[in-house]
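Structure assessment
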Amino acid sequence: MRIDLVTIFPPLVAGAFEHSIVKRARDRGLVEIFVHDLRDYTSDRHRTVDDYPYGGGAGMVMKPEPWFRAVEALREQGNPGRCLLLTPQGRKLDQSLVQRLALEDRLILLCGRYEGVDERVRAHLADVEVSIGDYVLSGGEPAAVVLVDAVVRLQPGALGSSESTVEESFSEGLLEYPQYTRPPEFRGWRVPDVLLSGDHAAIERWRRQQQLQRTRERRPDLLPMVDDVSETTSESQDR
Ligand code: 6GU
């Protein structure tokens, strides 16, 4: 997979792709990631990327021309791919969208800034608009980092066997069970006996029960078949 990211702050995102699983996936040749400076696609001396809004109002609006020049230039290299605009007005990212994006052979990510991008970029350049949640970021860059991480770790071969996605939260639709490591007692807090028992069937049952209980308490929306009564059950009282 190839990912091209266009931003006015290349250093803000570039470092995020130089560590951990994303770095390893790049080193293994599973994904190529290129970060481009939008200002390289301006044509004036001042490398201007924004201008005043028609109709007035606070803040500036990102001009359309640099975005179109950038994407058109990038599309001369290789296949067109899918062009995503990161904006709080986009479709909210979830694991099912991540799974679909992970199947693309190329993504072009446009990091808009919060005040706004000329509507023609959204309407005639982006294939999809994506948000990462209902809160305000100053720009799309942190959202693009989140999206890249989520997509790259699904590339075949990106994870080691110990990092398998099979048992992960959301791939199963449930939250994770609690994890412990040594020591068996820390500041008086003991690891649950069942985990020290060596009884693998009992451990499996306990983990499943913990996943269900946690999901019911914290994310009842993930259990669509179950009525949301979490606020009135006893197990939510002791949080
Ligand atoms: Cl993609 N951009 C901005 N500016 N804020 C966001 C977002 C994106 N997703 C959530 N909040």
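Refer to the preceding data block for the structure.
The paragraphs below set out a description of the structure included in this document. What you see as residue numbers is a count from 1 along each chain, following the sequence as written. At least 70 in pLDDT is required for a residue's local features to be given in this predicted model, at least 80 for side-chain atom pairs to be given and counted, and no such filter applies to totals for whole chains, interfaces and linings, which use all residues. Hydrogens are left out, water is left out, and the side-chain values use all remaining heavy atoms of the structure.

**Section: the overall build of the chain**
A count of helices and strands for the chain gives eight helices and nine strands. Radius of gyration: over C-alpha atoms. The globule rule applied is 2.2 Å multiplied by the number of residues raised to the 0.38 power. For the chain, whose C-alpha radius of gyration is 22 Å, the value lies well above the compact-globule estimate of 18 Å for 239 residues. C-alpha atoms of the chain, sized along the principal axes, occupy 70 × 45 × 35 Å. When a residue's accessible area, from a 1.4 Å probe over protein chains only, is under 20% of the maximum for its type it is buried; when over 50% it is exposed; and in between it is partly exposed. Buried positions account for 38% of the 239 residues belonging to the chain. Residue contacts follow a heavy-atom distance rule, with two residues in contact if any of their heavy atoms lie within 4.5 Å. Contacts spanning at least 24 positions in sequence make up 71% of the contacts within the chain whose residues lie at least 6 apart. A 1.4 Å probe and the Shrake-Rupley method give the accessible areas. Residues count as covered only by the protein chains that appear here. In the structure as shown, the chain presents an accessible area of about 14,400 Å², 50% of it carried by carbon and sulfur atoms. In this text, helices come from DSSP runs of H or I with a minimum length of four residues, and strands from runs of E with a minimum of two, each type numbered from the N-terminal end.

**Focus on the sheet that holds strand β6 (residues 106-111)**
By the convention used here, strands pair only if DSSP detects at least 2 bridges between them. As summarised here, the arrangement of the five strands in space is β2-β1-β6-β5-β7, forming an open sheet in which the pairing is parallel. Because the sheet does not close on itself, it has two edges, and the strands there are β2 (32-37) and β7 (128-131). The average undirected angle you get between the axes of adjacent strands in this sheet is 30°. Inspection of the sheet shows strand β1 (residues 2-7) paired to β2 by six bridges, in the parallel sense. When the sheet's bridge partners are listed, Leu5 is paired in β2 with Val35. All axes are obtained by fitting lines to C-alpha atoms, using only the stretch in contact for helices, and the reported angles, taken between N-to-C directions, cover 0 to 180 degrees.

**Let's talk about the site of the ligand**
Residue proximity to a molecule or strand is established when one non-hydrogen atom of the residue lies within 4 Å of it. If you check the shell around the ligand, you find Leu86, Thr87, Pro88, Val130, Ser131, Ile132, Gly133, Tyr135, Leu137, Gly139, Gly140 and Ala143 and nothing else. One of the side-chain N or O atoms of Ser131 is found 3.3 Å from a nitrogen atom in the ligand. Taking Ile132, its main chain carries an N or O atom lying 3.0 Å from a nitrogen atom of the ligand. Here the ligand has 290 Å² of accessible area as a free molecule, and 99% of this is covered by the chains. Comparing atom positions with the cavity grids shows the ligand to sit within the second largest pocket. Of the residues belonging to the shell around the ligand, the class tally is seven nonpolar, five polar and no charged. Each polar contact in these results corresponds to two N or O atoms within 3.5 Å; when the atoms are within protein, one needs to be able to donate a hydrogen and the other to accept it, and residues that are neighboring in sequence are counted only if both atoms are side-chain atoms. With a 1 Å grid laid over protein atoms only, a set of points is called a cavity when a 1.4 Å probe fits there but cannot get out and a pocket when it is open yet has protein on both sides within 12 Å along at least five of seven lines; lining residues have an atom within 4 Å of a point. To decide whether a molecule occupies a pocket or cavity, check its atoms: if more than half lie within 2 Å of the grid points, it is inside. Nonpolar residues are Ala, Val, Leu, Ile, Met, Phe, Trp, Tyr, Cys and Pro. Charged residues are Asp, Glu, Lys and Arg, and all others, Gly as well, are polar.

**Things to note about unusual backbone geometry**
A cis geometry characterises the amide bond from Arg182 onward to Pro183, with omega recorded as 5°. Note that Pro183 resides in the loop between α6 (141-152) and β8 (185-186). Its identity is not glycine, yet Ser20 carries a phi of approximately 60°, on the positive side. Here Ser20 falls in the exposed class, since its relative accessible area comes to 59%. The phi dihedral of Arg47 is positive, around 55°, even though this residue is not glycine. Looking at the secondary structure, you find Arg47 in the loop between β2 and β3 (50-51).

**Things to note about the packing of aromatic side chains**
Aromatic contacts are taken between Phe, Tyr and Trp rings whose centres are within 6.5 Å, Trp giving its six-membered ring; a plane angle under 30 degrees counts as stacked, one over 60 as edge-to-face, and the others as tilted. Counted under the stated rule, the structure contains one aromatic pair. Ring plane angle 45° and centroid distance 6.0 Å describe the contact between Phe186 and Trp189, whose orientation is recorded as tilted. A relative accessible area of 44% means that Phe186 is categorised as partly exposed.

**A word on the nonpolar core**
If you look at the biggest cluster of nonpolar residues, it comprises 29 residues, and the most contacted ones within it are Ile3, Leu93, Leu101, Leu107, Leu109, Leu147 and Val151. Going through the elements one at a time, β1, α2 (20-27), β5 (82-92), α4 (95-101), β6 and α6 are the ones with two or more residues in this core. Looking at this core element by element, the count peaks at seven residues for α6. Ignoring any residue separated from it by four or fewer positions in sequence, one finds Val151 in contact with Met1, Val98, Leu101, Ala102 and Leu107. Residues grouped as a nonpolar core are buried Ala, Val, Leu, Ile, Met, Phe, Trp, Tyr and Cys residues, joined through side-chain atoms within 4.5 Å. Ala70, Leu85, Ile108 and Val121 belong to the second-largest nonpolar core, a separate cluster that totals 17 residues.

**Here's the deal with helix α8 (residues 200-218)**
Taking 1.5 Å per residue, 19 residues should reach 27 Å; α8 reaches 27 Å between its end C-alpha atoms and fits that length. Of the residues making up α8, those classed as buried are Ala202, Ile203, Trp206, Gln210, Gln211, Thr215 and Glu217. Next to the buried residues of α8 lie α7 (193-196). The span expected for a helix works out to 1.5 Å for each residue beyond the first.

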